[in-house]
Amino acid sequence: MTLEMDTPWIAPDVERPGGSLVAPEVEMLPEMLAWHRATLLSKCSGLTGQQLAERSVAPSGLSLLGLLRHLRKVERIWLRQRVAREDVEALHGFGSGRDLDFDELDPASARADYEALLEEWAHADRAVAGRGLDDVFEAGGDPFSLRFVYLHLIGEYARHNGHADLVREHLDGATGA
């Protein structure tokens with residue numbers, strides 16, 4: 001066997017982007033979302049696919065890999081399907097009432113799931129490029145603004161980054177922002 005086959009994939013180190021604390025909202029919200037995205041990846045840095053797939057504490061199905069998959073699904077729903085109205089397939093059983101993003105994990109696919117999240121972010125950013133925070137969209141008969149979507153996603157990441165902190169500490173004792 002080659003060394004490459006023997007060496008498991010390890011999530012790369014991530015540098016979180018800076019951002020202005022006084023920028024206009026139209027700059028600050030995407031910067032804050034980018035910071036939270038990178039924070040999630042930083043919680044995965046240095047871990048193997050097996051570690052990323054490890055569940056936190058029974059009976060919870062929470063894992064870092066599940067969080068990567070879940071947040072890919074959430075970004076697709078809000079930014080690509082609802083805002084940009086892109087006809088892209090739903091991910092991980094969305095609408096089925098099951099949490100397949102957390103339930104159907106394969107440590108061997110961790111690298112592919114990680115890279116798919118990065119790709120989703122690029123698609124999502126392109127989907128909202130040039131749109132205004134006050135632009136209004138509709139889903140399920142309810143209007144919402146792009147501003148709301150950014151705030152919702154920032155809140156989603158903030159909550160799940162807290163979960164990621166606990167999962168990471170459970171895995172190897174690492175703590176910190």
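The structure displayed is predicted, hence computed values, not measured ones.

Caption draft 1: Examining the overall build of the protein more closely. Regarding its fold elements, the protein presents 7 helices and 2 strands. Here the protein has a C-alpha radius of gyration of 17 Å; the compact-globule value for 177 residues is 16 Å, and the two agree. Out of the 177 residues belonging to the protein, those deemed buried represent 41%. For the protein, the share of sequence-separated contacts (at least 6 apart) that also reach a separation of at least 24 residues comes to 70%.

Caption draft 2: Examining the nonpolar core more closely. Ranked by size, the top nonpolar core spans 40 residues in total, and within it Leu40, Leu52, Leu64, Leu68, Leu146 and Val149 carry the most contacts. Tallying contributions element by element places helix H4 (residues 64-83) first for this core, with 10 residues. In this structure Leu146 touches Leu79, Val83, Val128, Arg131, Gly132, Leu133, Asp135 and Phe137, once residues within four positions along its chain are discounted.

Caption draft 3: Quick look at the pairing of strand S2 (residues 142-145). One ladder, built from 4 bridges, connects strand S1 (residues 136-139) with S2; its direction is antiparallel. Each residue of the ladder has a partner; that of Phe137, found in S2, is Phe144. Between the end of S1 and the start of S2, which pair antiparallel, lie 2 residues, with Gly140 showing a positive phi angle near 60°.

Caption draft 4: The side chain of Arg76, seen in detail. Among the structural elements, Arg76 can be located in helix H4. Among residues more than four places away in sequence, those in contact with Arg76 are Gln81, Val88, Glu89, Leu91 and Glu120.

Caption draft 5: The arrangement of helix H6 (residues 110-128) in detail. Look at H6: 27 Å from first C-alpha to last across 19 residues, which is about the 27 Å you get at 1.5 Å a residue. The set of residues buried in H6 consists of Ala110, Asp113, Tyr114, Ala116, Leu117, Glu120, Trp121, Ala124, Ala127 and Val128. Buried positions in H6, seen along its axis, are confined to an arc of 160° and lie on one side of it. On its buried face, H6 is in contact with helix H2 (25-44), helix H3 (49-53), H4 and helix H7 (146-172). Phi turns positive, to about 85°, at Gly130, one or two residues after H6.

Caption draft 6: Focus on the pattern of salt bridges. Inspection of the entire model under this criterion finds 14 salt bridges. Across the salt bridge formed by Asp172 and Arg168, the nearest N and O atoms sit 3.0 Å from each other. Of the two residues, Asp172 and Arg168 are both situated in helix H7; the distance of 4 residues between them amounts to about one turn of the helix. The exposure class of Arg168 is buried, given its relative accessible area of 11%. Through salt bridges with shared partners, a single network forms among Arg72, Arg76, Arg80, Glu86 and Glu120.

Caption draft 7: A look at H4. The terminal C-alpha atoms of H4, which comprises 20 residues, lie 27 Å apart, in line with the 28 Å expected from a rise of 1.5 Å per residue. The largest bend in H4 is about 30°, located at Arg76. The element H4 is extensively covered by neighbouring structure, given that 19 of its 20 residues are classed as buried. The positive-phi residue at the C-terminal boundary of H4 is Arg85, with phi of around 55°.

Caption draft 8: Main features of the packing of aromatic side chains. Following the criterion strictly, the structure yields 4 aromatic pairs and no others. Ring geometry for Trp9 versus Tyr114: centroids 5.4 Å apart, planes at 65°, classification edge-to-face. Of the two residues, Trp9 is situated in the loop between helix H1 (3-6) and H2 and Tyr114 in helix H6; the sequence distance between them amounts to 105 residues. Here the aromatic residues Trp78, Phe137, Phe144 and Phe148 are joined through ring pairs into a cluster of three or more. Seen from the ring of Trp78, Arg82 lies directly overhead, with NZ or CZ sitting 4.4 Å from the centre.

Cut-offs and rules
Residues numbered from 1 in each chain as written. Predicted model: local features only at pLDDT ≥ 70, side-chain atom pairs only at ≥ 80, totals over all residues. Heavy atoms only, no water. Helix = DSSP H or I, 4+ residues; strand = E, 2+ residues; numbered from the N terminus. Rg over C-alpha atoms; globule rule 2.2 N^0.38 Å. Buried < 20%, exposed > 50% of the residue type's maximum accessible area, 1.4 Å probe, protein only. Contact = heavy atoms within 4.5 Å. Core = buried A, V, L, I, M, F, W, Y, C linked by side-chain atoms within 4.5 Å. Pairing = 2+ DSSP bridges. Expected span 1.5 Å × (residues − 1). Arc of directions from axis to C-beta. Salt bridge = Lys/Arg side-chain N within 4 Å of Asp/Glu carboxyl O. Bend = angle between axes of the 7 residues up to and from the residue. Phe/Tyr/Trp six-rings, centres within 6.5 Å; stacked < 30°, edge-to-face > 60°. Lys NZ or Arg CZ within 6 Å of the ring centre and 35° of its normal.

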